[in-house]
Amino acid sequence: MLQSWRQACLKVFKRHQTFLPQPCHGGSWRTFFCSAVSLAAQKRDIRMKDYPCEVIRNFSIIAHIDHGKSTLADRLLELTGTITKQEKGLNQQVLDKLKVERERGITVKAQTASMFHDKNGARYLLNLIDTPGHVDFSWEVARSLAACQGALLLVDASQGVQAQSISVFHVAKEKGLTIIPVLNKIDLPAAQPEVVAQQMQSTFGIDPSDVIKVSAKTGKGVEQVLHAIIERIPPPVGDPADPLKAFLFDSSYDRYRGVISLMSIQSGVLRKGDKIASCFTRKKYEVTELGIMHPEEVPTDCLRPGQVGFVACSMKESSEAHIGDTFHRVGHPVDPMPGFKPAKAMVYAGVYPVDSSDFLKLEESIKRLSLTDRSVEVTRETSSALGQGCRLGFLGTLHMDVFRQRLEDEYNADVIITAPTVPYKVLHRDGKTSIVSNPTDFPEPADFASGGRAKAVQEPIVKASIIVPEKYFSAMMELVFEHRGTDLDWQPLDVAGEASGDGRVLMHAILPLAEIVTDFFDKLKSRSSGFASFDYEDAGYQTSDMRKMTFLLNGKPVDALALIVHADKADAIGRQWVEKLFKVIPRQLFEIPIQAALGGKIIARRTLSAMRADVTAGLYGGHYERKLRHLQNQKESKRKMKRVGRVDLPQEAFFDLLSK
């Protein structure tokens with residue numbers, strides 16, 4: 001029986017042997033896979049002790065969104081042999097591993113890759129961190145730069161210096177990083193490398209002769225970038241004989257291995273089996289696996305000073321991996337390194353399942369997804385109209401939209417997201433202060449009257465930076481003032497007498513955060529024909545006249561539709577939302593008044609007429625009072641229905657209303 005089974009297996013194998021790779025040596029069929037094994041062994045056979053600090057360069061790529069960071073990373077990976085160059089087409093977004101990143105063409109999660117490059121007889125270890133470019137993910141950029149000694153400042157040669165370019169430049173300078181300026185997309189017909197180099201000199205004080213001009217798409221000039229990384233960026237400093245000190249700057253979650261931490265070794269040597277402890281939580285762990293990202297995980301024997309790699313240590317809860325934490329060997333404590341400012345949620349929204357019976361599945365999906373995105377705040381909440389759901393805090397509206405898309409793509413979740421709100425600070429008369437992000441918890445107008453518990457409300461504000469061509473300057477001023485902007489100032493950004501003749505202006509203004517989380521960015525792009533760029537940073541709180549707006553259907557409030565609005569815009573917003581409700585609410589057998597209210601004051605109203613049956617259709621004669629009696633009975637019945645009837649806003653109506 002056993003012999004016949006073995007012969008049958010050999011027969012099937014030999015039938016398909018012609019489609020397999022050729023043997024490496026000899027003709028034995030047992031070695032047909034040795035080419036793949038030898039390639040994997042070649043990647044794994046990395047002796048980390050051969051790479052002291054002198055041959056290590058840790059750097060990041062920083063830029064405004066869509067300036068070509070991921071494309072440049074692809075070319076660097078190809079040039080160093082980390083990935084193979086395709087015969088047809090190009091490697092695109094190799095480090096962008098999420099589906100949403102590939103669909104939208106943006107980087108959402110910072111990714112690390114280790115590369116090896118030979119120069120002047122020495123073999124260098126280059127640790128690259130590709131960072132996001134959108135302002136919503138600036139926390140990712142700040143974390144990534146903490147593990148680097150240098151950064152490539154990438155600027156599009158056709159678009160020039162933009163708002164996020166200035167922001168990330170100052171973040172890198174504050175951390176003391178060496179900046180290598182790089183001009184990308186010089187192959188485009190609209191590229192103006194000389195003009196943009198002058199812009200970089202006037203904005204950043206960079207010598208135009210230090211700017212490297214490249215085309216990441218074609219690979220032109222990328223080799224100069226590699227040489228500049230080795231020559232200009234200083235090596236990290238660390239002694240392997242000192243006690244172990246490891247800096248945790250990022251983490252992810254694996255369902256089988258638990259939390260995978262990305263660490264930068266500051267001193268000492270970390271090996272598999274070592275017992276390590278956290279300076280923040282005081283918990284102890286045993287290292288079960290460690291290695292480098294090349295660009296996927298490649299296990300190594302150890303991690304030494306200056307090196308960046310992944311560490312798996314059976315950490316089960318993602319909350320234990322505190323970003324900015326310092327790890328040391330058990331029994332050998334060290335002074336912790338300065339950490340990061342914790343991620344501060346700027347936008348809050350309620351997330352509810354379309355089918356209320358799917359809440360537990362949705363909650364589990366949100367928990368799993370938040371393990372890979374540590375900046376999301378999650379709390380439970382309940383709505384009388386939408387049922388059970390979660391209140392989530394995001395870094396911005398794009399972050400919220402990306403999180404929603406990941407829920408739909410990775411967990412097949414059908415969700416309803418309420419209108420985004422920002423955290424308000426309520427000052428109470430007893431001296432206490434509370435943060436309110438849910439409109440249902442906002443104080444009523446009566447609470448602000450004399451004798452009430454609330455004294456004032458402060459709303460979050462941001463310092464906004466807008467770069468726009470001069471011909472759109474007046475339109476941008478109008479837009480800023482329409483959204484309650486203050487302290488507006490501006491300065492010319494481009495050098496005088498440039499060839500284009502169309503200079504650009506850098507505008508600074510103080511804007512309420514609530515004004516920019518809705519449609520501000522869309523209006524900015526529309527009024528500037530797509531040429532304006534926008535960036536903002538937190539600027540604290542200021543006292544403002546904010547009101548809670550509720551919507552009533554047949555006299556009963558719908559808590560899921562409550563809004564917090566400024567008193568000056570309450571009437572316009574109330575009428576706008578009442579019109580939206582009028583279009584999406586299905587008609588009933590009785591008329592429905594749709595009202596927007598500020599406390600006890602109704603500021604907008606529409607009445608949805610009732611569906612009416614023709615009760616006199618079957619009457620063909622008799623006195624006219626007979627028809628009047630039927631009509632009067634119908635009128636009384638509808639009045640009774642209106643008094644006791646309840647309007648249940650269907651989930652489809654919520655979805656149509658909140659998705660517009």
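The rules behind each value
- Residues numbered from 1 in each chain as written.
- Predicted model: local features only at pLDDT ≥ 70, side-chain atom pairs only at ≥ 80, totals over all residues.
- Heavy atoms only, no water.
- Helix = DSSP H or I, 4+ residues; strand = E, 2+ residues; numbered from the N terminus.
- Buried < 20%, exposed > 50% of the residue type's maximum accessible area, 1.4 Å probe, protein only.
- Pairing = 2+ DSSP bridges.
- Axes fitted to C-alpha atoms, helices over the stretch in contact; angles between N-to-C directions.
- Contact = heavy atoms within 4.5 Å.
- pLDDT = per-residue confidence, 0-100.
- Salt bridge = Lys/Arg side-chain N within 4 Å of Asp/Glu carboxyl O.

1. Comments concerning unusual backbone geometry
Piece 1. Following His-294, the chain continues into Pro-295 via a peptide bond in cis, with omega recorded as -15°.
Piece 2. In this fold, Pro-295 is placed in the loop between β12 (289-293) and β13 (297-299).
Piece 3. Phi at Ser-314 takes a positive value of approximately 60°, unusual for a residue other than glycine.
Piece 4. Secondary-structure assignment places Ser-314 in the loop between β15 (308-312) and β16 (326-329).
Piece 5. On the accessibility criterion, Ser-314 (44% relative accessible area) is partly exposed.
Piece 6. Unlike most non-glycine residues, Arg-484 shows phi in positive territory, near 60°.
Piece 7. Along the chain, Arg-484 turns up in the loop between α11 (473-482) and β24 (486-492).

2. Some remarks on the sheet that holds β12
Piece 1. Across the sheet, eight strands lie side by side as β11-β10-β16-β7-β8-β15-β12-β13; this open sheet has antiparallel pairing. Pairing within the sheet leaves two strands with one partner each, and these edge strands are β11 (284-286) and β13. Between one strand axis and the next, the sheet turns by 40° as a mean value, whatever way the strands run.
Piece 2. In this sheet, β15 lies alongside strand β8 (residues 258-267) in antiparallel orientation, the contact comprising five bridges. Opposite Ile-260, over in β15, you have Ala-312 as the bridge partner.

3. Re the sheet that holds strand β20 (residues 415-417)
Piece 1. If you walk across this open sheet you meet the four strands as β18-β19-β17-β20, and the pairing is antiparallel. Each of the sheet's edge strands pairs with one partner strand only, and the pair in question is β18 (377-383) and β20. Geometrically, the sheet is characterised by an average inter-axis angle of 30° between neighbouring strands, direction not taken into account.
Piece 2. Note: β18 against strand β19 (residues 387-394), seven bridges, orientation antiparallel. Its bridge partner being in β19, Thr-382 is matched across the sheet by Gln-388.
Piece 3. Against the sheet, helix α9 (residues 359-372) contacts β17 (347-353), β18, β19 and β20, and its axis sits at roughly 15° relative to β19.

4. A look at the confidence of the model for the protein
Piece 1. Chain-level pLDDT for the protein is 81 on average; 82% of the residues reach the 70-or-more range.
Piece 2. Low pLDDT (under 50) marks residues 17-44, which in the prediction has 21 contacts with non-local residues, meaning those over four places away or in another chain.
Piece 3. Predicted confidence is poor over residues 496-501, with pLDDT under 50, and the contacts of this stretch with residues over four places away or in other chains come to four contacts.

5. A short note on helix α5 (residues 138-145)
Piece 1. Counting buried positions over the eight residues of α5 gives six, a clear majority of the element.
Piece 2. All of the buried residues in α5 are Trp-139, Glu-140, Val-141, Arg-143, Ser-144 and Leu-145.

6. Considering the pairing of strand β10 (residues 275-278)
Piece 1. Bridge count for β10 against β11 is three bridges, and the pairing is antiparallel. The residue of β11 that forms the bridge with Ala-277 is Lys-284.
Piece 2. Here β10 folds back onto β11, and the loop between the two strands holds five residues, one of which, Arg-282, carries a positive phi near 65°.
Piece 3. For β10 and β16, the ladder comprises three bridges, and the chain directions are antiparallel. Its bridge partner lying in β16, Ala-277 is registered against His-328.

7. Looking at the pattern of salt bridges
Piece 1. All told, the structure shown has 23 salt bridges when counted by the stated rule.
Piece 2. For Glu-410, the salt bridge goes to Arg-406, with nearest N and O atoms at 3.0 Å. Placement of both Glu-410 and Arg-406 in helix α10 (residues 397-411) is noted, with a separation of four residues, approximately one turn of the helix.
Piece 3. Glu-410 gets classed as partly exposed once you look at its relative accessible area, which sits at 38%.
Piece 4. As a salt-bridge pair, Lys-569 and Glu-515 come within 2.9 Å of each other at their nearest N and O atoms. One end of the pair, Lys-569, is in the loop between β29 (563-566) and α14 (570-584); the other, Glu-515, is in helix α12 (residues 513-516), and 54 residues separate them in sequence.

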